[in-house]
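Observations on chain architecture
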Amino acid sequence: MKWNKKKIDVTELKRLHDLFGVDVISASVLARRNITSKNDIKFFLENELIYLHSPFLFEDMGEVVDRINEACEEKEKIRIFGDRDVDGITSTSLLKEELDGMGLDVTWSVPDGDDPYGMTLDKVHKAKEDGISLIITVDCGISEVEEIALSRQLGIDTIVLDHHLAGETLPPAIAIIDPKIEDCGYPFEHLAGCGVVSKVIWALRFSQTDLYNESVILLHAQPGNETVRIQALKFRNFIETDRVVDEISPGLIKASQSKIIPFLDCGLPILVLDAATEKIQLTAAFGSNVDIYLQDLRADVDKSIPQVRGKSLFNLSLVSHSGRYSLIEHDELDVLLGLFQSLCLRRYPRIGKEFDSVLDLVAIGTIADMMPMVDENRILVRRGLQVLSTVPRMSLVPLLTAKGLLGKKIGTTEIGWNISPLINAAGRMGKPDVAVKMLLADKQEEIEELSRQLIALNKQRQKLGDTAWTEMQKEAKRSYEYFGTKMVLVEHTSVNRGITGLMASRLLTLFGAPAMVIARTGEGSITGSMRSPEGFNIRDFLANFDSLLDDYGGHACAGGFSLSEANLPTFKKQVEDVLDTMDCLEEQEDVIDIDCTVPPQYMTPKLLKVSETFEPYGEQNPAVVYQISGARVLDAVFIGNAGSGVRHLRLTLSYGAYKWPGVYWRASQKLDKDFAVGDSVDCVFRLGRNNFRGQETLQLTIMDMHRIMKKEDQTV
């Protein structure tokens, strides 16, 4: 295994420390991960809602909000169509809950049993029979061109809320919110489906305030070098729409020649902090003949944000977090903008603190869908995990209790290993409605019964998966060899449609090659799942068989498809033909990227704070990897079942002033070979918590370790 530690510039570490106040270890991690721009760093250091992107950056968000509000006024019937996975289940539940709260007549539908993904023509006809006038798809819809065309023909409007890649033709919906659509206007493409729904929920709540579609101007004037520097920006729907900066030399130009005056002369409210002070600077710039009416935010700011009471914008710019991320260092207008945004969120709690109640399911769905844990996903998930750890919704309490997580600090690992599989089991076993009903239930007895059903479904899924895995491995190996190690394709009678994705993931892990698992669903239809390593785009691959497939979609490394059983032989032959034209993915040596070498004096329990800075972990943001050199192995104990052939090590290392417990998975054969008790070792590890019998301790998860050779043992 190769260890890789990128070289970094010491001056870059100093810059990060000076600008953002981070310690040297955190600065090292940021630098090695190329997280050095202000825009990237803020999502690692900040947790406030003001740092999220405005939903109204989506080109169609205004149409979505207005159409749903119209449906509310006209008492229309709405149907939500969601997907069967965790992202689809959480998306459906969130939107249903929000629209119910608005008083709308809302029903929902997720694929039942062997139903295909998303909407179907039959379901559109059924919606028409039921008097539905507005369909909203969540975590699906972007590929349902024919179905949405039928919906339109039948007089039903459709709104698509999705995050999957679009095909060549977009569906004829009245509005589409999908961050992966080119020119959608949104600056971050990696929202999960539930993240997209959360954006719509925030926008709906915002539309019910007096801020919706109302523009204001924020203004600040400050003395320069024998000049007055005046800045102003226009702000609408939490989006900065325009900005102007002018440097005025008093007495040298007329007010009419300034860029500022025409910018301000548009009838919009002009908001400032400390109007009297601003008046002095404006008078110095333009003389007393120019009268600009200013609205002072000071009283509201001091009342709502006590920690800034009485402080000037200049003083705030020296300590303000929002000022850190301005293009201009200590930009006072950006500080004013941050204050105004914070004031709005406090004035309207439903778009502020109360919005957190949505983020628990957003965190679960985002983690389960393996979205990159970068940009605003970090804030959405971090705040959602905090809700789950402190005030979880009633419908999740039984699941958290069953997994021993109630009242504990919950992170991405706990969600990925304990909660997501339970919810996902419902969809895999053809009963995603059980999970949706549970999340929406508000009676304790119903919640507990549905939770028991979820747990039972998960056990059933595990049993099916274990049986299928045992039975399919020989066929998988033959397929791997037949396709020249380019792919694994398994079609086995033991595979239930609900576990094709799970089996494909396990085959990918085993063979390191793209894996496809096919299942028969009955009534002449076939469904399949694919998983692939980086460098192999599943959607592009499936596009080769567009004429044979009834449906396909997904992400670059995970996707699914369906087709008629009659087309299966042709499909398999065409897959073989396409693979013949492709090269094998290059095999690469396993590499551990080291984030930081920790000197003995820094190896203290405080190091956990560094790891927590980079949580939540996930795609494009793995757990921090540390290296230590010269640690001593104090003891080693075998753990695990000896009969299984796979055993692990529980170690104690001495380094710095502390003794550190650690676990080294699948490493029993390394003891007395790569290292022994008493050896001095080099070690790379992740640092985290271990909860055992109610006791929480720090623990190293060792990734690789080897003894440091003594000089007399070294060969020339």
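A brief report on the enclosed structure follows. (Residues numbered from 1 in each chain as written. Predicted model: local features only at pLDDT ≥ 70, side-chain atom pairs only at ≥ 80, totals over all residues. Heavy atoms only, no water.)

Scanning the protein chain from N- to C-terminus turns up 24 helices and 23 strands. What you see for the protein chain is a C-alpha radius of gyration of 29 Å, in line with the 27 Å of a compact globule of 716 residues. By principal-axis analysis of the C-alpha atoms, the protein chain measures approximately 90 × 80 × 55 Å. Summarising the internal contacts of the protein chain: among those between residues at least 6 apart in sequence, 65% fall at separations of at least 24. Side chains of the protein chain give 80 positive and 104 negative charges; the mean places of these two sets differ by 7 Å. (Helix = DSSP H or I, 4+ residues; strand = E, 2+ residues; numbered from the N terminus. Rg over C-alpha atoms; globule rule 2.2 N^0.38 Å. Contact = heavy atoms within 4.5 Å. Lys, Arg positive; Asp, Glu negative; His and termini not counted. Charge placed at Lys NZ, Arg CZ, Asp CG, Glu CD.)

Evaluated as defined, the whole model comprises 20 aromatic pairs. Summarising the aromatic geometry, the rings of Phe56 and Tyr212 are spaced 5.7 Å apart at their centres and angled 40° between planes, so their arrangement reads as tilted. A residue pair is termed long-range when its members are at least 10 positions apart, and Phe56 in the loop between helix H3 (38-45) and helix H4 (61-73) and Tyr212 in the loop between helix H8 (193-207) and strand S7 (215-223) qualify at 156 residues. The exposure class assigned to Tyr212 is buried, which follows from its relative accessible area of 14%. Here the aromatic residues Phe56, Trp202, Phe206, Tyr212, Phe235, Phe238 and Phe340 are joined through ring pairs into a cluster of three or more. A cation over a ring is seen here: Lys234 above Phe263, with NZ or CZ 4.6 Å from the ring centre. Residue placement shows Arg378 over the ring face of Phe44; its charged tip is 3.9 Å from the ring centre. (Phe/Tyr/Trp six-rings, centres within 6.5 Å; stacked < 30°, edge-to-face > 60°. Buried < 20%, exposed > 50% of the residue type's maximum accessible area, 1.4 Å probe, protein only. Lys NZ or Arg CZ within 6 Å of the ring centre and 35° of its normal.)

Quick look at the sheet that holds strand S3 (residues 105-109) now. Strand order in the open sheet formed by 5 strands is S3-S2-S4-S5-S6, and the pairing between neighbours is parallel. This sheet does not close on itself; its edge strands, each paired only once, are S3 and strand S6 (175-177). Looking at each pair of strands side by side, their axes are set apart by 20° on average, direction ignored. Where strand S2 (residues 77-81) meets S3, 5 bridges bridge the pair, whose relative direction is parallel. Looking across to S3, one finds that Phe81 is bridged to Ser109. (Pairing = 2+ DSSP bridges. Axes fitted to C-alpha atoms, helices over the stretch in contact; angles between N-to-C directions.)

Here we have 5 strands laid out as an open sheet, ordered S9-S8-S7-S10-S11, and mixed in their pairing. Because the sheet does not close on itself, it has two edges, and the strands there are strand S9 (239-248) and strand S11 (295-296). Packed onto the sheet, helix H10 (residues 275-286) meets S7, strand S8 (228-236), S9, strand S10 (270-272) and S11 and runs at close to 70° relative to S7. Against the sheet, helix H14 (residues 332-347) contacts S7, S8, S9 and S10, and its axis sits at roughly 140° relative to S7.

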